[in-house]
Amino acid sequence: MLSNDLKALWDYQAAENELESYERTLMNTETRKKLVHQQQVYKNNQQKLKQLEQESMLLQNKMSGIASQIDTLQKQMQEKKDEINEVSGYDLEDMFLEDVREMIQECEEIKASVEVSKRKIVEIMHRLEKSETEIKETLIKMSNAKKQFDILKEQHAKEVAAGKDDLDRLRANVVQAAKGIEPSLMERYKAIKQHRANPMAKLVGDRCEGCKMQLPSGVLQSLKVEGSIVECENCGRILFVAED
Ligand SMILES: [Zn+2]
């Protein structure tokens, strides 16, 4: 009775394998692979877009920072110029003339700083332009990937729909095969399934077919006991002795 259970479990594993293999086939069509690829392309570009937008924001902040620096510098320069203009009409003593020279010198320095800042702004504007172009390109790539994805998704849905009858039949087989298997045995099978694709393995000669390990004589002995359920000591699979 229990040994029949193992035969039933063996058949169940076969039915489950057939179903899983068919599911894999449906999930690994060329269409599906392309679909996954386009999804990746979209995600990569989305990531890139985020970086570009961040970079662009930083550049804009930097630019307005420099612009306000220029403002301040220009105000300072205007003040200096006003001071110079104010005294330019006077008859100046040597000491005072020295001060004016210093003011002019300061003016020159401010002017030079403004020039440097302006060059920086031009450079940032170039980078912003480049960044904007890249953003546009990235958005186009994303939009193309999305279009491709939608088309492929529809195609794949058709593939899945076409396989539905077969899938239903294979699922029904699995349900059918599960009938009559003791729940405790099924539980054990499912527990092994967590880490083994095939929880059952045939005994071939004195070896477990799952891991090819030679089984100790004690294990071989217990396999001969009617109704015993023995797991391979090495891989943990339930051993199955075929009738023939
Ligand atoms: Zn094994």
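What counts as what
- Residues numbered from 1 in each chain as written.
- Predicted model: local features only at pLDDT ≥ 70, side-chain atom pairs only at ≥ 80, totals over all residues.
- Heavy atoms only, no water.
- Donors = N, O, S within 2.8 Å, 3.2 Å for Na, K, Ca; no water.
- Buried < 20%, exposed > 50% of the residue type's maximum accessible area, 1.4 Å probe, protein only.
- Pairing = 2+ DSSP bridges.
- Helix = DSSP H or I, 4+ residues; strand = E, 2+ residues; numbered from the N terminus.
- Phe/Tyr/Trp six-rings, centres within 6.5 Å; stacked < 30°, edge-to-face > 60°.
- Patch = residues over 30% accessible without salt bridge, like charges linked within 9 Å, V, L, I, M, F, W, Y side chains within 5 Å.
- Areas by Shrake-Rupley, 256 points an atom, 1.4 Å probe, with all protein chains shown as cover.
- Salt bridge = Lys/Arg side-chain N within 4 Å of Asp/Glu carboxyl O.
- Lys, Arg positive; Asp, Glu negative; His and termini not counted.
- Charge placed at Lys NZ, Arg CZ, Asp CG, Glu CD.
- Domains from an automatic or database assignment.
- Contact = heavy atoms within 4.5 Å.
- UniProt positions renumbered as here; feature names shortened; annotations may be inferred.

By the naming in an unreviewed UniProt entry, the protein goes by C4-type zinc ribbon domain-containing protein and is assigned to Christensenella massiliensis.

Visitor: Teacher, can you tell me more about the coordination of the zinc ion here?
Guide: For a metal with four donors in a tetrahedral arrangement, the ideal angle between donors is 109.5 degrees, while six donors in an octahedron ideally sit at 90 or 180 degrees. Surrounding the zinc ion are the protein donor atoms C208 (SG), C211 (SG), C232 (SG) and C235 (SG), which sit 2.2 to 2.4 Å from the metal. Owing to a relative accessible area of 5%, C235 belongs among the buried residues under this scheme.

Visitor: What should I look at first to understand the sheet that holds strand β3 (residues 238-240) in this one?
Guide: The strands that make up a sheet pair up through hydrogen bonds in the backbone, lying either parallel or antiparallel. Across the sheet, which stays open at both edges, the 3 strands sit in the order β2-β1-β3 with mixed pairing between neighbours. Looking at the sheet topology across the chains shown, the edges are occupied by β2 (207-208) and β3.

Visitor: Which parts of the structure should I look at to understand the packing of aromatic side chains?
Guide: The full count for this structure, using the stated rule, is 2 aromatic pairs. Centre to centre, the rings of Y12 and Y189 are 5.5 Å apart; their planes meet at 80 degrees, and the pair counts as edge-to-face. Taken together, the positions of Y12 in helix α1 (residues 2-27) and Y189 in helix α5 (residues 183-193) put the pair 177 residues apart, joining distant regions of the chain. Judged by relative accessible area, which is 4%, Y12 ranks as buried.

Visitor: Explain the side chain of T29 here, please?
Guide: For T29, the position within the fold is in the loop between α1 and α2 (30-88). Residue classification places T29 among the buried residues on the basis of a relative accessible area of 17%.

Visitor: Sorry, what's going on with a negative patch on the surface here?
Guide: The grouping of E79, D82, E83 and E86 at the surface amounts to a negative patch. If you trace the backbone, E79 turns up in helix α2.

Visitor: I tried to follow the domain arrangement of the protein on my own but got confused; where do I start?
Guide: With domains assigned, the protein is organised as domain 1 (23-165) and domain 2 (182-244). For domain 1 and domain 2, the distance between their C-alpha centres works out to 65 Å.

Visitor: Which parts of the structure should I look at to understand the pattern of salt bridges?
Guide: In a structure, side chains of opposite charge can pair up when their charged atoms sit close to one another. A full pass over the atoms with the stated rule returns 12 salt bridges. Close ionic contact of K33 with E30 constitutes a salt bridge, the shortest N to O distance being 3.5 Å. Residue K33 and its partner E30 are located together in helix α2, separated by 3 residues, close to a single helical turn. Here R101 and E98 are joined by a salt bridge, their closest N and O atoms 3.4 Å apart. Within this pair, R101 and its partner E98 are both found in helix α3 (residues 94-162), separated by 3 residues, close to a single helical turn. Residue E98 is classed as partly exposed on the basis of its relative accessible area, which comes to 43%. One network of salt bridges, with partners in common, ties together E16, E20 and K193.

Visitor: Would you mind showing me how to read the environment of Q13 here?
Guide: Inspection of the secondary structure assignment puts Q13 in helix α1. When its relative accessible area of 5% is taken as the criterion, Q13 is described as buried. The spatial distance from the C-alpha of Q13 to the C-alpha of P199 is 7.9 Å, given a sequence separation of 186 residues. When sequence neighbours within four positions are dropped, the list of residues in contact with Q13 reads Y189, N198, P199 and M200.

Visitor: Whenever I open this one, the pairing of strand β1 (residues 200-204) confuses me. Can you help?
Guide: Consecutive residues of a regular strand have side chains that alternate between opposite faces of the sheet. Where β1 lies against β3, 3 bridges are found, and the strand directions are parallel. In the strand pairing of β3, M200 is matched with I238. Here 2 bridges tie β1 to β2, and the two strands are oriented antiparallel to one another. Across the sheet, residue L203 finds its bridge partner in β2, namely C208. Between β1 and β2, which follow one another and run antiparallel, lie 2 residues, and G205 among them has a positive phi close to 65 degrees.

Visitor: In this structure, what is going on with the UniProt feature "coiled-coil region" (unreviewed entry) in the protein? I would like to understand it.
Guide: The positions that UniProt labels "coiled-coil region" (unreviewed entry) are, in the present scheme, residues 12-90 and 128-173. Annotated as 95% helix and 0% strand, the span residues 12-90 places its first and last C-alpha atoms 111 Å apart. Taken end to end, residues 128-173 is 98% helix and 0% strand, and its first and last C-alpha atoms sit 62 Å apart.

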